[in-house]
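Chains, contacts and geometry: an overview
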Amino acid sequence: MSSGSSKKSTGSASIQLKKPHSRSSSSSTTSVPISTPPGSSPSTSPPLRMSRLDTGVAINGISADMENTDLASTADARKKALQRKQSTPMMPPFLVSAPGKVIAFGEHAVVHGKAAIAAAISLRSYLLVTALSKSKRTVSLRFPDINMSHTWNLDELPWSIFSQPSKKKYYYDLVTSLDPELVAAMKPHLADVSSHAPEDIRKVHQSSASAFLYILLSLGSQSFPGCLYTLRSTLPISAGLGSSASISVCIAAALLLQIRTLSGPHPDQPSEEARLQVERINRWAFVGEMCIHGNPSGVDNTIATQGKAAMFIRKDYSRPPSVKPLWNFPELPLLLVNTKQSRSTATEVAKVATLRKTHPQITDSILHAIDKITEEAAELITNEDFDKDEMSSLEALGKLMTLNHGLLVALGVSHPRLERIRELVDHEGIGWTKLTGAGGGGCAITLLKPDVSKERMQRLEATLEEEGFGKFETTLGCDGVGVLWPAVLKNGVDDDYGDEIDQEKFLNADGIEGVEQLVGVRGYTGERDAWKFWRVDS
Ligand SMILES: Nc1ncnc2c1ncn2[C@@H]1O[C@H](COP(=O)(O)OP(=O)(O)O)[C@@H](O)[C@H]1O
Ligand SMILES: C[C@@](O)(CCOP(=O)(O)O)CC(=O)O
C-alpha cells in the first residue's frame, strides 16, 4: 500500500508510519487582521502571526497587501481576486483539519490514570469557516456526515451567563469539568437542534452541537461575527478512531483563530511557541470531548492536536497530562478492520466505571496489568534493538497486544464482531489482534507477522469482506491540527491563485475521496504545501 494514500477501501489494509515531516524554508511573519469580536479575549492576547504566504492570501477579505506579493502578477489573477473579494466580505473562508488516532495500548486504563500509547492517522476531519456579511447575526452548523444542520441567532445565545466574572473562561484557561450552570444555560438552545429527529439521532446531533456551543460561548462574546461552520470527516464515526476528538480539535482551533488568540502556524515558528498554541487548542478540544462523551481521558484530543505518536498519562484531572512524544514510533505493519458495529464511547467508558464500583479490587488489578503492558510496550518499541521487520520484535509486541486485548475483554468492552475478527486472524495465523479505542464494536488492529503469504492474506480479506467488515488504508504518525488560510488550494504551478473552496464545493465533494481530493492535507500526491501545521517535533 502506498504511504501517500489515506482512502478507505473494502478489504483489509495495512497502516504505515509516516516519515517525519521536513520543515519548509523560513518566511517572514506578520499579523493577520482577522475580523475579531471586541472583548472576546483579554488585552494580553498575543498578536496572531502568520507566514507571509498566509498574509498574501488574506487579501481575500481583509488585507489589501496585494502589491507586495507575486500573487497579483497577472490581470487574470487580479480579476479572480476581485471576484473573491466580493463574495467574502468579512474574512476569507478558511479550513482547519485534525486527524483521528489509533490507540495501540492502554485504552480505558487511561481514563483511570494509567498510560496509553496512541498515534495519529491520516483519516481526518475538515472544518470550513465562512464569514457572513456584518448584518447577518446568525451562526450555522452544517454537519452533513451526521445529517445535521442548525442555525442559532447570535443575539439570543446566553452570553451574559457565560461571561459572568465567576464563570468567564479565557483562551489560556485549563477547563477540566463542564460547569453545570453553563450546561443548563445551553440546554434550551440545544433542545431546538433536530428536535423532530428520533431520539438516538437527536442525541448525536445535540452532542456535536453542544461541543461547538460550549466552546463558542466560552471563548466568544455577543459581538461574535455571523459565520457558517461546515464539517466533513473522512473518519468513520463511533468506530474507535477518535472522530469526536478530531471534530473537537477542529472546532477549538477554528474558534481560537477567530478570536485571534493563536500565533501561527508558520514554518519558521519556534517549536516552544508552536507547543503553546497546540496546548491552547488541546485544552479547548478537551472541553468539546467532555461535551460529547462525558469523561474523556484526553488522549484522543491530545493526539489529534499534536499529531505523531505519544505515550499519554493523566493522573490528576486538575492538571495537564504528561505527554511523552514517541518521535521514532516504528513503522508497524498493521491491519485496521472496522466491525461496522456502531457504539458510543460514553457507554463503554461508563461500563468500566460501573465495573470499578461493583468490583473495585478486581477492576483495579486489570487496569494495573494493562498499565504494565503499556509500559513494557513503550520500552520495547523505543529500544534500539527493536526491528519492525524482525519476527522476534514483532512477536514480543504482538504478545503484549494479545494480553491487552484479553484484559479489555475482561473489562467487558469487547463485542462478538471484534472476537470474530480475532478468530479469523488467529485461524490464518497471521498476526496479533486487539480492539482499539472504546470497543463495544468499532475497530480492531492486527500486528502482522513479517512472512504472511499472499494467499493467506487474500483469504482473510475475502472472508472479512464476505462477513461485512470494513478495512482502512491509513498511515500512522501523521500531522496534527492544520490550517488552510484562506481556503484556497493551488492545483498546479501555473495556477497562481488556485481554487477557492466555498461551502458549495465542500458540501458537494463526493464521499471521502472527493473530500480528500478537494481539501485533503495530503491530496493524492503527498503533502500539500498550503496547509500549515504547528510543528512541535523538535
Ligand atoms: N463527522 C462528524 N460530524 C458531526 N459529529 C461528529 C462527527 N464525527 C464525530 N462526531 C460526534 O462524535 C460522536 C462520536 O464520538 P465517540 O462515541 O467518542 O466515537 P469515536 O470513537 O469515533 O470518537 C458522534 O456521536 C458525534 O456526536
Ligand atoms: C476508551 C478511551 O480510552 C478511548 C476512546 O477512544 P474512541 O472514542 O473510541 O476513539 C476513552 C478515553 O481515553 O477518553
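The rules behind the values
Note that residues are indexed from 1 along each chain, following the sequence as it is written. Chain A is the first chain written and ligand 1 is the first ligand written, with later ones labelled in order. This being a predicted model, a pLDDT of at least 70 is required before a residue's local features are given, and a value of 80 or more before pairs of side-chain atoms are given or counted; all residues contribute to the totals for chains, interfaces and linings. Hydrogens are left out, water is left out, and the side-chain values use all remaining heavy atoms of the structure. The way it works is that DSSP assigns letters per residue, a run of H or I at least four long becomes a helix, a run of E at least two long becomes a strand, and they are numbered from the N terminus. Relative accessibility thresholds used throughout: buried, under 20% of the residue-type maximum; exposed, over 50%; partly exposed, between the two (1.4 Å probe, protein chains only). The contact criterion used throughout is that any non-hydrogen atoms of two residues lie within 4.5 Å. A carboxyl oxygen of Asp or Glu within 4 Å of a side-chain nitrogen of Lys or Arg is what we treat as a salt bridge. A domain assignment, automatic or from a database, supplies the domain bounds used here. A quick way to say it: buried area is the sum, across both parts, of accessible area lost when two parts are put together, with a 1.4 Å probe. Here a polar contact is taken to be a pair of N or O atoms separated by no more than 3.5 Å, where protein atoms must pair a possible hydrogen donor with a possible acceptor and residues adjacent in sequence count only if both atoms sit in side chains. Here the term charged refers only to Asp, Glu, Lys and Arg, the term nonpolar to Ala, Val, Leu, Ile, Met, Phe, Trp, Tyr, Cys and Pro, and the term polar to all other amino acids, Gly among them. Residues are counted as near a molecule or strand when any one of their heavy atoms sits within 4 Å of it. Surface accessibility follows the Shrake-Rupley procedure with a 1.4 Å probe radius. Residue values consider only the protein chains on display as shielding.

Check the secondary structure of the chain and you find 15 helices and 20 strands. Taken over 538 residues, the chain has a buried fraction of 57%. The long-range fraction of contacts in the chain, counting pairs at least 24 apart against all pairs at least 6 apart in sequence, stands at 77%.

What follows is about the pattern of salt bridges. Tallying each qualifying case throughout the model produces 19 salt bridges. The partner of Arg-459 in a salt bridge is Glu-428, with the nearest N and O atoms 2.8 Å apart. A residue pair is termed long-range when its members are at least 10 positions apart, and Arg-459 in helix 13 (residues 454-466) and Glu-428 in helix 12 (residues 416-428) qualify at 31 residues. We note a salt bridge from Arg-535 to Asp-479, for which the minimum N-O separation is 2.5 Å. Here Arg-535 is found in the segment after strand 20 (532-533), whereas its partner Asp-479 is found in the loop between strand 16 (474-476) and strand 17 (482-484), with 56 residues between them in sequence. There is no split in this pair, since Arg-535 and Asp-479 are both buried. Taken together, the shared-partner salt bridges in this structure form one network comprising Lys-167, Asp-179 and Glu-181.

Moving on, we get to the domain arrangement of the chain. You'll often see interface size given as the accessible area lost when the parts meet. In terms of domain boundaries, the chain breaks down into domain 1 (30-105 + 115-323 + 478-533) and domain 2 (329-476). Contact with domain 1, which involves 23 residues of that partner, is made by 31 residues of domain 2. Buried surface at the junction of domain 1 and domain 2, both sides included, amounts to about 2100 Å², of which 68% is carbon and sulfur. The largest per-residue losses of area from domain 1 upon contact with domain 2 belong to Phe-105, Ser-238 and His-293, which jointly make up 28% of the total buried on that side. Viewed at the interface, domain 2 and domain 1 are joined by zero salt bridges. Where domain 1 packs against domain 2, one counts eight residue pairs in polar contact (both at pLDDT 80 or more). Among the elements of the structure, strand 5 (94-105), strand 6 (116-131) and strand 10 (309-313) are those that each provide at least two residues to the side of domain 1 that touches domain 2. The dominant element in the side of domain 1 that touches domain 2, judged by the number of residues it contributes, is strand 6, at seven residues. Residues belonging to the side of domain 1 that touches domain 2 are distributed by class as follows: 17 nonpolar, five polar and one charged.

Pro-265 follows Gly-264 through a cis peptide bond whose omega is 5°. Looking at where Pro-265 falls in the secondary structure, it is placed in the loop between helix 6 (243-258) and helix 7 (271-293). With an omega of -10°, the peptide bond running from Trp-485 to Pro-486 counts as cis. Inspection of the secondary structure puts Pro-486 in the loop between strand 17 and strand 18 (488-489). Here the phi dihedral of Arg-260 falls at roughly 60°; this positive angle occurs in a residue that is not glycine. Its location among the elements puts Arg-260 in the loop between helix 6 and helix 7. Given the relative accessible area of 24%, Arg-260 is considered partly exposed.

A few words on the site of ligand 1. As a matter of local geometry, ligand 1 sits amid 22 residues, with Asp-145, Ser-208, Ser-238, Ser-243 and Thr-345 nearest to it. Between Ser-243 and ligand 1, the recorded distance is 2.6 Å, taken from a side-chain N or O atom to an oxygen atom. Thr-345 places a side-chain nitrogen or oxygen 2.7 Å from an oxygen atom of ligand 1. Taking 560 Å² as the accessible area of ligand 1 by itself, protein coverage stands at 96%. Of all the secondary structure elements, the ones that give two or more residues to the shell around ligand 1 are helix 5 (199-219), strand 9 (227-233), helix 6 and helix 7. Per-class residue counts for the shell around ligand 1 are nine nonpolar, eleven polar and two charged. Two domains each donate at least three residues to the shell around ligand 1, and these are domain 1 (30-105 + 115-323 + 478-533) and domain 2 (329-476).

A few words on the site of ligand 2. Lining the immediate environment of ligand 2, one finds 19 residues, of which Lys-101, Gly-242, Ser-297, Arg-343 and Thr-345 sit closest. At 3.1 Å from an oxygen atom of ligand 2 is found a side-chain nitrogen or oxygen belonging to Asp-300. In this structure, an oxygen atom belonging to ligand 2 sits 2.6 Å away from a side-chain N or O atom of Arg-343. Across the complex, the protein chains shield 98% of the 380 Å² of accessible surface that ligand 2 would expose by itself. The set of elements that each furnish at least two residues to the shell around ligand 2 consists of strand 5, helix 8 (299-306) and helix 9 (345-358).

So, about helix 8. Note that an α-helix has 3.6 residues per turn; residues three or four places apart therefore point the same way. A large share of helix 8 lies buried, amounting to eight of its eight residues. The set of residues buried in helix 8 consists of Val-299, Asp-300, Asn-301, Thr-302, Ile-303, Ala-304, Thr-305 and Gln-306. Gly-307 sits one or two residues past helix 8 and shows a positive phi near 70°.

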